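Chain residues, written in single-letter form:
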Amino acid sequence: MFFVDTLEFEGLGNRSYLAGGSAGAVVVDPPRDIDQVIAAAARRGVRIAFVAETHVHNDYVTGGLELARVTGARYLVPAGAHVSFARHPVADGDTVTVDEGLVLHAIATPGHTPHHTSYALSENGRDVAVFTGGSLLIGTVGRPDLVEPRLTEQLARAQHASAHRLADELEDEVPVLPTHGFGSFCSSSQAAGDAGDATTIGKERETNDALTLDVDAFVARILAGLDDVPAYYAHMGPANAAGPAPVDLTPPGRADAEEIASRLAAGEWVVDLRSRTAFAEGHVAGAFNFEGEGKLATYLAWLIPWGKPVTLLADTPKQVADAQRELARVGIDRPAASATGDPADWIGEGERLASFPRARFADLAEVRERGDDVVVLDVRRDSERAVGHIEGSVHIPIHELHRRIGDVPDGVVWVHCAGGMRAAIAASLLDAAGRDVVAVDDGFDAATDPGLSLVRPGRTD
């Protein structure tokens, strides 16, 4: 009897899979921190015989090479991928036996990358799962614009053909197990593929644009919907093609108040992982707030100048360890230092913690009604703002704000996003730059409740 275990990485919006039988198993698209994969195999009592990559990943650093080295597994990598390490190249139609009666079958599915390969798992000749990586996702496909701009339309057309190939070759009841699409920016649609979702070839045949639209309509819709690409993606593909080094998760050294001040003075990043509520109430002046709960790796890696040293501040050592693991997955390997406990211990004697107020949209409506001269800063993405925005607001997407602080008009800045997390990041950036800021910690749906005027396409509220 076969099994498939799912390893979820909510921060990055990805999944990896351990699949096998009574003795042998294959790992598909493993994370950088391979210890949890090894532990999952140990719980099953199976040997990892194969490690399979669907493609050279653009959004995280793979643990595939190291996992294969540690376990002695055969490392399956698409033959068309240009890599600098020894691996077992996989071509369309190749098969490997994972366990008795359990066979993995490679299916070329170009589109997310030119060399992308999916893997169908069969038990005694019957397909029981297909690992689709960045090809067929839940309700959408992997985005085709991460390799080379000149190839984007060509790869979008390839995505359509690949989705149809999977639907033609596999039965409706076969579960579709993608790597991307659970909040990952590798997905062509941010709305598709919630973490709890499951799907099959049959469900996708009925609902996926790649299988319900003709190729020209599909390509037009995909290209029109492509959103911003996180800046750190530019570093992931080359790191994976070169062969990532083993991850080092040993704890960073402890920083006292003097070292924290010294690192800030040197222009390094000091990142406070605490909740946005706690940060607003009191923090080290100059520190940035990226909550440990949430999309820490995505947004910190997106905003930070690549290679800049990072010192982590948190309530507990576990929060530092969790963040360190999350950041290692995107190539931020070693925090320069860390500090935990009481924030008052992170500043020098006689100094005071910095703070700024938090508010709701109702509070913003009140100050506007009073006639207070305030700046409303919207840090959502272009696609979000296009649906509707507060009249008179300034728009700078969060990933552009650090280099565009000077573009924010003078005055008290009320910063908002869609839910509060990105507004907290933005507020910390503005606060560190010496601006007076109010973080709007509220859902954007609440913006109309107190009577704020919203601009929407074709009409004004």
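Residues numbered from 1 in each chain as written. Predicted model: local features only at pLDDT ≥ 70, side-chain atom pairs only at ≥ 80, totals over all residues. Heavy atoms only, no water.

With an unreviewed UniProt entry as reference, the chain is termed Metallo-beta-lactamase family protein, source organism Streptomyces griseoaurantiacus M045.

**A few points about the packing of aromatic side chains**
Just so we agree on the cut-off: Here a pair means two rings of Phe, Tyr or Trp (six-membered ring of Trp) with centres within 6.5 Å. Their orientation is stacked below 30 degrees between planes, edge-to-face above 60, and tilted elsewhere. A run of H or I in DSSP becomes a helix once it reaches four residues, and a run of E becomes a strand once it reaches two; helices and strands are each numbered from the N terminus. A simple rule labels every residue: compare its accessible area, found with a 1.4 Å probe on the protein chains alone, to the largest value its type can have, and call it buried under 20%, exposed over 50%, or partly exposed in between. Here, a charge over a ring means that NZ of Lys or CZ of Arg falls within 6 Å of the ring centre while also lying within 35 degrees of the ring normal.
Taken as a whole and judged by the stated rule, the model has eight aromatic pairs. Where Trp 269 meets Phe 288, the ring centres are 4.7 Å apart and the plane angle is 70 degrees; that geometry is what we call edge-to-face. Placement of Trp 269 in strand β13 (residues 269-272) and of Phe 288 in strand β14 (residues 288-289) is noted, with a sequence separation of 19 residues between them. For the pair Trp 269 and Phe 288, one class covers both residues: buried. Taken together, the aromatic side chains of Trp 269, Phe 288 and Phe 290 make up a single cluster linked through ring pairs. A cation over a ring is seen here: Arg 15 above Phe 182, with NZ or CZ 3.9 Å from the ring centre. One residue, Arg 380, lies across the ring of Phe 444, its end atom 4.0 Å from the ring centre.

**A word on the UniProt feature "domain: Rhodanese" (unreviewed entry) in the chain**
Counted only if it meets this: UniProt positions are given in the numbering used here, feature names are shortened, and annotations may be inferred rather than shown by experiment.
Feature annotation in UniProt places "domain: Rhodanese" (unreviewed entry) on residues 264-355 and 370-456, given in this structure's numbering. Note that residues 264-355 is 30% helix and 16% strand, and that its end C-alpha atoms are spaced 17 Å apart.

**Quick notes on the domain arrangement of the chain**
Selection rule: Delimitation of the domains relies on an automatic or database domain assignment. Should any heavy atoms of two residues lie within 4.5 Å, those residues are considered in contact. By buried area we mean the combined loss of accessible area, with a 1.4 Å probe, across both parts when two parts are placed together. When a carboxyl oxygen of Asp or Glu lies within 4 Å of a side-chain nitrogen of Lys or Arg, that pair is called a salt bridge.
By domain assignment, the chain separates into domain 1 (3-242), domain 2 (257-345) and domain 3 (358-455). Measuring from the centre of the C-alpha atoms in domain 1 to the corresponding centre in domain 2 gives 31 Å. Listed as interface residues are 21 residues of domain 1 and, on the opposing side, 15 residues of domain 2. Buried area between domain 1 and domain 2, summed over both chains or domains, comes out near 1,500 Å², and the portion from carbon and sulfur atoms is 57%. Three residues, Gly 11, Arg 32 and Tyr 232, lead the burial of domain 1 against domain 2; their summed loss comes to 34% of the area buried on that side. Between domain 1 and domain 2 we count four salt bridges in total. We note a salt bridge from Arg 32 to Asp 333, for which the minimum N-O separation is 2.9 Å. Elements that contribute at least two residues to the side of domain 1 that touches domain 2 include exactly α1 (35-44) and α7 (233-242).

**Regarding the sheet that holds β13**
Operational definition: Two strands make a pair as long as DSSP finds a minimum of two bridges between them. Helix axes are fitted only over the stretch in contact, all axes being lines through C-alpha atoms; the angle between N-to-C directions runs from 0 to 180 degrees.
Taken in spatial order, the four strands line up as β14-β13-β15-β16 in an open sheet, and their pairing is parallel. Each edge of the sheet is formed by a strand with only one pairing partner; in this case those strands are β14 and β16 (337-340). Direction of pairing for β13 relative to β14: parallel, over a ladder of two bridges. For Val 271, the partnering residue across the bridge sits in β14 and is Phe 288. Along the sheet, helix α8 (residues 257-265) makes contact with β13, β15 (310-314) and β16, crossing β16 at roughly 130 degrees.

**Considering the sheet that holds strand β11 (residues 175-178)**
One open sheet accounts for six strands, arranged β7-β8-β9-β10-β11-β12; its pairing is mixed. Where the open sheet ends on each side, the last strands, each with one partner, are β7 (95-99) and β12 (199-200). Here strand β10 (residues 126-133) pairs with β11 via three bridges, running parallel. Paired with Val 130 across the two strands is Val 176, which belongs to β11.

**Things to note about the packing of helix α10 (residues 296-303) against helix α11 (residues 317-328)**
Helix packing geometry: the angle between the two helix axes and the distance between the axes. Stated precisely, the cut-off is as follows: Here is the rule for handedness: rotate from the far helix to the near one, and if that takes an anticlockwise turn smaller than a right angle the crossing is left-handed, while a clockwise turn gives right-handed.
Where α10 meets α11, the closest approach of the two axes is 9 Å, and the angle between their N-to-C directions is 65 degrees. The crossing of α10 and α11 is right-handed. Residues Leu 296, Ala 297 and Leu 300 of α10 touch α11, and the partners they reach there are Ala 323, Glu 326 and Leu 327.

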